[in-house]
There are 2 protein chains.
Amino acid sequence: MAENIGMAARAMMNCGLAELRLVCPKDNHLSDKAIAASSNAEKILFDAKTYSSTEEAIADLQWVAATTARHRDQTKPIISAEFAAQNMADKSKKMQKCGILFGPERTGLTNQDVCLANAIINIPLNPKHCSLNLSQAVLLIGYEFYKTQKEMTAQVLETNHTEIASKDTTLKFCAFLENLLSDCGAFKLEEKKEKMTINLRNIFMRTQLTKQEIDTLYGAIKHIYRKS
Amino acid sequence: MAENIGMAARAMMNCGLAELRLVCPKDNHLSDKAIAASSNAEKILFDAKTYSSTEEAIADLQWVAATTARHRDQTKPIISAEFAAQNMADKSKKMQKCGILFGPERTGLTNQDVCLANAIINIPLNPKHCSLNLSQAVLLIGYEFYKTQKEMTAQVLETNHTEIASKDTTLKFCAFLENLLSDCGAFKLEEKKEKMTINLRNIFMRTQLTKQEIDTLYGAIKHIYRKS
């Protein structure tokens, strides 16, 4: 159906994939509905090729995997989406052409389609509720493939226009705060002083404060002090 | 909107997630439209709680991440979806409550929402086309979380009602084929014999043939032999 094709193209574009092959599409993949559903991924629709059989569509490929949630009575490796993505990335580097078969929204792939594949991809999902629509299946496989193509950083601190304060700058702020607290009579008991100092230093030294944030803290404390 | 909420519930159910919190939903999340869009995940909609502010919705949580594709001028760790999922899985084991903030379909999260989060989740997607609809964002984060909860096998050969043939059974089939070829005069040159034998053995020994498949091969070859 036109909308499903358009949404699948959108998901492909999200994941940097470009080559869409359609086997006997029921609707015109260049219809207004399809193009609207593609949400600016219409290039993929215009470049898509249509075929009259799955055999024809995969003829030039060297490795093909089928996506199916239903259990099939066929002897075939079942691979995770992650493994499939890594496998395709490795094969692509060796200039081997790979493809993924997705079935129509309701009926899915036929057994005749599945037997053409080297492997079946099993997307790990809640077994009690694993039905995905077509574009979501495309998105999950595409996402796993995209991850193999990108150097990923697990965590990075975004600081924008300011930079992380040095430990010295942060410690100077801590000292300013401790002196102020001392002046205000917060450290009457020596043992309390040490505990409070350590607690406060932990708060500010653990977080990677930016220079701007330290300025904000100085400003806020001075405001409070003046009002007291 | 009702449909987006329903589809988000469906994606949550796909990933084994159950607790949906809605901040000032525009439409009724228990409307027919929402329930139809949830595609049998209506339990999540019936159990959903609504709040009048994001602050209220996250009040009891101990760690919160915001999903946003737009660049924000805020000092905040930007983490990958995979890292976020692992982080939440670890925290959940320690009984710490975690949540993910998703913004409305068009406008996304406000800066006021984003500043409440411990981190921003960056879903790795094609930077030239990274807009996802709400349910797809929920699906990708949920999928990464589901993967942390499940013992995953990268590859397993599904054989259904039959079992993998032993090497002995496979080799006996190879010997049967080699003898037949010899009888048919395929090995007139000794050097050709060795090469052909090695090629054929590679084909059948490399693939993990099942007992049933070996029976099928015996049957097919006997049919061809009788007709010749």
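Residues numbered from 1 in each chain as written. Chains lettered and ligands numbered in written order. Predicted model: local features only at pLDDT ≥ 70, side-chain atom pairs only at ≥ 80, totals over all residues. Heavy atoms only, no water.

**Student:** Help me understand the relation of the copies chain A and chain B, please; the structure alone is not making it clear to me.
**Tutor:** Two copies of one chain are present, and they are related through a rotation about an axis combined with an axial shift. With an RMSD of 0.1 Å, chain A superimposes on chain B once it is rotated by 180° and translated 0.0 Å along the axis. The symmetry that links the two subunits is that of a two-fold axis. With an isologous cut-off of 70% or more, the 100% of interface residues of chain A that recur at the interface of chain B puts this contact in the isologous class. (Least-squares fit on C-alpha atoms with pLDDT ≥ 70 in both. Contact = heavy atoms within 4.5 Å.)

**Student:** When you look at the confidence of the model for chain A in this model, what are you seeing that I'm missing?
**Tutor:** Keep in mind that low pLDDT regions are not for reading the predicted coordinates in detail. Per-residue confidence for chain A averages 92 on the pLDDT scale, and 100% of its residues sit at or above 70. For this predicted complex, the interface score ipTM comes out at 0.85, alongside a pTM of 0.87. (pLDDT = per-residue confidence, 0-100.)

**Student:** I would appreciate a short explanation of the domain arrangement of chain A in the present structure.
**Tutor:** How large an interface is tends to be reported as the accessible area lost when its parts come together. Along its sequence, chain A is carved into domain 1 (2-149) and domain 2 (167-227). Each of domain 1 of chain A and domain 2 of chain A has a C-alpha centre, and these two points are 57 Å apart. (Domains from an automatic or database assignment.)

**Student:** I'm lost on the interface of chain A and chain B in this one. Help?
**Tutor:** At the junction of the two partners, chain A supplies 54 residues and chain B supplies 54 residues. Regarding the contact of chain A and chain B, the summed buried area is about 4,600 Å², with carbon and sulfur atoms giving 52% of it. Linking chain A with chain B are 4 salt bridges, by the criterion used here. The closest approach of N and O atoms between A:Glu144 and B:Lys147, which form a salt bridge, is 2.4 Å. Here chain A is connected to chain B by 26 residue pairs in polar contact (both at pLDDT 80 or more). Mapped onto the side of chain A that touches chain B, the elements with two or more residues apiece are helix H1 (2-14), strand S4 (76-80), helix H5 (81-93), helix H7 (134-149) and strand S7 (155-158) of chain A. For the side of chain A that touches chain B, the element with the most residues is H7(A), which contributes 8 residues. (Buried area = accessible area lost by both parts, 1.4 Å probe. Salt bridge = Lys/Arg side-chain N within 4 Å of Asp/Glu carboxyl O. Polar contact = N/O pair within 3.5 Å; in protein donor to acceptor, adjacent residues only side chain to side chain. Helix = DSSP H or I, 4+ residues; strand = E, 2+ residues; numbered from the N terminus.)

**Student:** I tried to follow the side chain of A:Thr159 on my own but got confused; where do I start?
**Tutor:** Mapping A:Thr159 onto the fold places it in the loop between S7 and helix H8 (167-183). Looking at A:Thr159, its side chain comes within polar contact range of the main-chain oxygen of A:Thr162, at 3.1 Å. The contact partners of A:Thr159, leaving out residues within four places of it in the chain, are A:Ile164, A:Thr210 and B:Thr75.

**Student:** So what exactly am I meant to see when it comes to the nonpolar core here?
**Tutor:** One recurring pattern in soluble globular proteins is that nonpolar side chains are buried together. A:Ile123 and B:Ile123 are the most contacted members of the largest nonpolar core, which totals 74 residues. Ignoring anything within four residues of it in the chain, the contact list for A:Ile123 reads A:Leu132, A:Ala137, A:Leu140, A:Ile141 and B:Tyr143. Grouped together as the second largest cluster of nonpolar side chains are 13 residues, A:Ala165, A:Leu181, A:Ala186 and A:Leu209 included. (Core = buried A, V, L, I, M, F, W, Y, C linked by side-chain atoms within 4.5 Å. Buried < 20%, exposed > 50% of the residue type's maximum accessible area, 1.4 Å probe, protein only.)

**Student:** Explain the packing of H5(A) against H7(A) here, please?
**Tutor:** When two helices pack together, their arrangement is given by the angle between their axes and by how far apart the axes lie. All names here are of chain A. Between H5 and H7, whose axes approach to 8 Å, the crossing angle comes to 50°. Of the possible angle classes, the one that applies to H5 and H7 is oblique. Read as a crossing pair, H5 and H7 show a hand that is right-handed. For the pair formed by H5 and H7, the contact residues are Ala 81, Glu 82, Ala 85, Gln 86, Met 88, Ala 89 and Ser 92 on the first element and Ile 141, Glu 144, Phe 145, Thr 148 and Gln 149 on the second. (Axes fitted to C-alpha atoms, helices over the stretch in contact; angles between N-to-C directions. Parallel < 35°, antiparallel > 145°, perpendicular 65-115°, else oblique. Left-handed = near helix turned anticlockwise from the far one by under 90°.)

**Student:** Sorry, what's going on with the sheet that holds strand S4 (residues 76-80) of chain B here?
**Tutor:** To summarise the sheet geometry, strands pair through backbone hydrogen bonds and adopt either a parallel or an antiparallel arrangement. If you walk across this open sheet you meet the 5 strands as S7(A)-S4(B)-S6(B)-S3(B)-S5(B), and the pairing is mixed. Every other strand in the sheet has two partners, leaving S7 of chain A together with strand S5 (98-101) of chain B as the edge strands with one partner each. With direction set aside, neighbouring strand axes in the sheet form an average angle of 30°. The pairing of strand S3 (residues 63-67) of chain B with S5(B) spans 4 bridges and is parallel. Note on S5(B): the bridge partner recorded for B:Ala66 is B:Leu101. (Pairing = 2+ DSSP bridges.)

**Student:** Just checking my understanding: could you explain the packing of aromatic side chains for this structure?
**Tutor:** Between two aromatic rings, the relevant description is the distance of the centres plus the angle of the planes. Scanning the entire structure with this criterion turns up 8 aromatic pairs over all chains. Ring centres of B:Phe173 and B:Phe204 lie 5.1 Å apart, and the angle between their planes is 90°; on these two criteria the pair is classed as edge-to-face. Here B:Phe204 lies in helix H9 (residues 190-206) and B:Phe173 lies in helix H8 (residues 167-183), a separation of 31 residues in the sequence. On the basis of relative accessible area, B:Phe173 is assigned to the buried category, the value being 0%. On the basis of relative accessibility, which here comes to 14%, the residue B:Phe204 falls in the buried class. Between the aromatic rings of B:Phe176 and B:Tyr218, the centroid separation amounts to 4.8 Å while the plane-to-plane angle is 55°, which identifies the pairing as tilted. Of this pair, B:Phe176 sits in helix H8 while B:Tyr218 is found in helix H10 (residues 211-227), placing the two residues 42 residues apart along the sequence. According to the relative accessible area criterion, B:Phe176 is partly exposed, its value standing at 23%. Here a set of aromatic residues connected by ring pairs shows up, and it is made of A:Phe173, A:Phe176, A:Phe204 and A:Tyr218. (Phe/Tyr/Trp six-rings, centres within 6.5 Å; stacked < 30°, edge-to-face > 60°.)

**Student:** What am I meant to see in helix H1 (residues 2-14) of chain B here?
**Tutor:** In an α-helix there are 3.6 residues to a turn, and that puts residues three or four apart on one side. All names here are of chain B. Between its first and last C-alpha, H1 extends 19 Å over 13 residues, near the 18 Å set by a 1.5 Å rise per residue. The buried count for H1 comes to 11 of 13 residues, which makes it a mostly enclosed element. The set of residues buried in H1 consists of Ala 2, Asn 4, Ile 5, Gly 6, Ala 8, Ala 9, Arg 10, Ala 11, Met 12, Met 13 and Asn 14. At its buried positions, H1 is contacted by strand S1 (21-23), helix H2 (32-38), helix H3 (42-47) and helix H7 (134-149). One or two steps after H1, the chain reaches Gly 16, where phi turns positive at roughly 75°. (Expected span 1.5 Å × (residues − 1).)

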